[in-house]
Structures are given as structure tokens and as C-alpha cells.
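In case you want the letters, here they are:
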Amino acid sequence: MTENLLIPISEIPAILKKESVRKIFLVADQDAYRFSGAKESLESCLSEYEVTLFDGFELNPKLEDVIEGIKKFRGSPCDITIAIGGGSAIDVAKLVASFAAQSEDPKDIICGEKEITSKGVPVIAVPTTAGTGSEATHFAVVYIDHVKYSVAHDYLLPDYFIVDPSLTMSLPALVTMSSGLDALCQGIESYWSVNSTEESRSYAKQSIRLAWKNLKETVLISSGANREAMCLASHLAGKGINISKTTAPHAFSYAITTYYHVPHGAAVALTLPEFFKFNSDVKDDDCQDSRGLQFVKNRISDLLEIMECHSVEEFINQFKLLQRSIHAPSSLNEVGVNTLDQLDSLIKQVNPERLANNPRQLSEGILKNLLRASIL
Ligand SMILES: [Zn+2]
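Residues numbered from 1 in each chain as written. Predicted model: local features only at pLDDT ≥ 70, side-chain atom pairs only at ≥ 80, totals over all residues.

**What to know about the overall build of the chain**
Selection criterion: Note on conventions: DSSP H or I runs of at least 4 residues are helices, E runs of at least 2 residues are strands, and numbering of each starts at the N terminus. Residue burial is a threshold on neighbouring C-beta atoms within 10 Å of the residue's own C-beta, all placed from the backbone, with 20 or more meaning buried, 12 or fewer meaning exposed, and counts in between meaning partly exposed. For every residue pair, C-beta atoms are placed from the backbone, and the pair is scored as a contact if these atoms sit within 7 Å.
Broken down by element type, the chain carries 16 helices and seven strands. Within the span of the chain, comprising 376 residues, buried residues form 49% of the whole. Restricting the contact set of the chain to residue pairs at least 6 apart, pairs at least 24 apart contribute 79%.

**Focus on the sheet that holds strand E2 (residues 50-54)**
Using the following cut-off: Here the rule is simple: two strands pair whenever DSSP picks up at least two bridges between them.
Reading across from one edge, E2-E1-E3-E4-E7 is the order of the five strands in this open sheet, with parallel pairing throughout. The strands lining the two open edges of the sheet, one partner per strand, are E2 and strand E7 (160-161). Note: strand E1 (residues 23-28) against E2, five bridges, orientation parallel. Bridging across to E2, phenylalanine 25 finds its partner in threonine 52.

**Thoughts on unusual backbone geometry**
For serine 222, which is not glycine, the phi torsion reads 60° and is therefore positive. By the secondary structure assignment, serine 222 is in the loop between helix H8 (198-220) and helix H9 (224-244). Even without a glycine there, the phi angle at glutamate 308 is positive, about 55°. One can find glutamate 308 in the loop between helix H12 (293-306) and helix H13 (312-325).

**Here's the deal with the domain arrangement of the chain**
Note the following rule: Annotation comment: domain bounds sourced from an automatic or database domain assignment.
Splitting the chain by domain gives domain 1 (3-166) and domain 2 (172-372). Placing a centre on the C-alpha atoms of domain 1 and another on those of domain 2 gives a separation of 26 Å.

**Thoughts on the environment of alanine 38**
Residue placement: alanine 38 occurs in helix H3 (residues 38-46). Taking the C-alpha atoms as reference points, alanine 38 and leucine 5, 33 residues apart in sequence, are found 19 Å from one another. Discounting residues that sit within four places of it in the chain, alanine 38 has contacts with Ile9, Tyr33, Ile84, Val126, Thr128 and Leu167.

**Quick look at H12**
Test applied: The span you would expect from a helix comes to 1.5 Å times its residue count less one.
For H12, spanning 14 residues, the distance from its first C-alpha to its last is 20 Å, which sits close to the expected 20 Å at 1.5 Å a residue. Against helix H7 (173-192) lie the buried residues of H12. Note on H12: the residue one or two positions beyond its end, glutamate 308, has a positive phi of about 55°.

Here's what the structure looks like:
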């Protein structure tokens, strides 16, 4: 089943022909575009089209970046958008292509006051990292004044995606580490989410297996075979969270990324072990999954089985070993969160909506107790 998910970048010319494209809006992270080999692969094909390039956005994109992109798009309307880069490039492209087709103010849509009502031009998502799975989701992340918003709409799901491991071969170890941890955590969170379905769990299970087995080698050795495994893991986790959404570790991670500049996947992984332990101790009176306590307990057992661990403690030890072996931070302390005041202000930034997806109920007080251990 996983084989046909690999779609090489050489498929793009056929997609452009099929869509009868004349003008292309190219959203690219310039470094990723060049170093992934995507530029070289697409050069001769793109020379046949009128191309408007938009590369004016930052990692963890802001509203201003999106507005700039919309202006550029409207100045030269195109028939298709191609997004090349990591999650930031793909999310910006999804938002620009969609918002350019709406009459409402982008900020109002992001803040949930107005809705997306019409479909934008088709998007071809070309990930050059193996992690976010953004090519397979109907969400896009954007920041307004340091606050993270996730815009969700069916129209944001890219119409086409490329999953080509060759584009990830030259990724620096730091990016491979963080994006790979993102894929692994997204798989685990998708699996225990209160919104999981049989279908999402099937994607998540395959994703976790691949990431758990291949992440360390991909960072340290980086052969073609484990790059391929991580690309599939990333894409499958994306398909999983597209249905289930993410949970507590993601909810807590955004403020760590914003205020302590920890790359997204590494920030999510920082607290995943604590939440794994917490969720495994779920009780009848704090279970948030309508399918009940035993259902959640069974999912935690499944997770241990998928990762071939005999106990929660063994999982936590192995997860921390993995973090250390790929040079990822493994405690809040390590990234500069050293005091309870710092922890409190991080907790205040947590989006309660994401906590509602967690199988076990969480409050500000519980979060404090839970995460206190990792800074003291
Ligand atoms: Zn993520």
C-alpha cells in the first residue's frame, strides 16, 4: 500500500499539462529549492511557462508573509501554485492560493471570524523535508503577533503532492532530526487522538513503525533506503493527522518554538514522553475519549506493541535515547526553560482546542505539575 505513495518530481510536467496551465505561482524556500535538486529537475519544464516566484516568507510564517504573497499573486494571477520546501513553504502556498480567491480579510479568516467560501487555484505540494506531512493535510499554520493559528478547511488540502525521497538526500542533520521527530510524534499523537478513526490509525501505525525504525539511521547515516522510509512516515503521519488532528505535545510545542527558538519537531518531542506517561495513567473520570477508558488503554498498548516496547518506562527510555543519539534536546531545561515562571508563561500560551483532542483531560494546573519535573 505504501509503494504507490512515492511520487517523483518528474511527474510535475504531466500535472501541468493535465491542468492546461499557462501561468505558475511558485512558492519556494530558496535554499530548499536549490539544495534539494528540485530547481535542477524543474528548470527545463518551467522554462515553458510564465512563472511568478514568491520566496518572501520566514520559517514559521507570519500573517504579513501571507499578505505579501496574496498581493504578489493578485498582481499576476496564475492557474496553479507549486509549493517547494518544508512545512512553512507549503503552508504559505496553501494559504496564499486559497486567500487570493476570497474577498474577506485574511486576518478575519485566520481568527475564525470569517470563512473560506471558494476554492483557490490547484496546489502541487513538493515537500523537501520528511516531517510535517503538510502536503497531506487540510490545515496551515500561521502566526499573528507570536500567537499560532491553525487554519483548517477542505479547500486547503493540496490537489497534488510529490513524495520524492531524492529531494531530502541533502538535508542537513539538524533538519532531518527535527522533521523526523515531528513525523514520529504526529504519528503517536494521531494514534491516541480522541478523533482517531480506523483509517487514521492505520496510517499512523505504518508511519510510527517506519519512523521508529529509521529515524536514527536517517540522521546519522542517511542512505537512500532510510530517506525513503522517513518520507513515507512523514506523509502517512500527515494523512493520519488530517483526520485526527494533533494533541497535547503539539499544543505545548508552539510557544517553545516561538520563545526558545527550538525547531518544531524537536519542540514537540521535548514533552512527548511526559504526555505518554500521563495518558497511559488515564482514569474513568478524566478520560476525554467518548469511546471510553478501555479504548484509550488499548490504544496505549497498541502503541507500545507498534514500537516493540514492553512497558511505558521502556518506551520513555528508548525515546530519550533516540533524542540523545540524534542530538535533539531531551528536556525543557536543555532549551533554556529553567524556572517555574518560564514554564507558567509557556503554559498560558497553550491552545485549549488542541488539549481537547488529548485522550486524557488536562488543565493549567495539571500541565504545571506534569512539566515541572522536566525543568527541576
Ligand atoms: Zn508537527
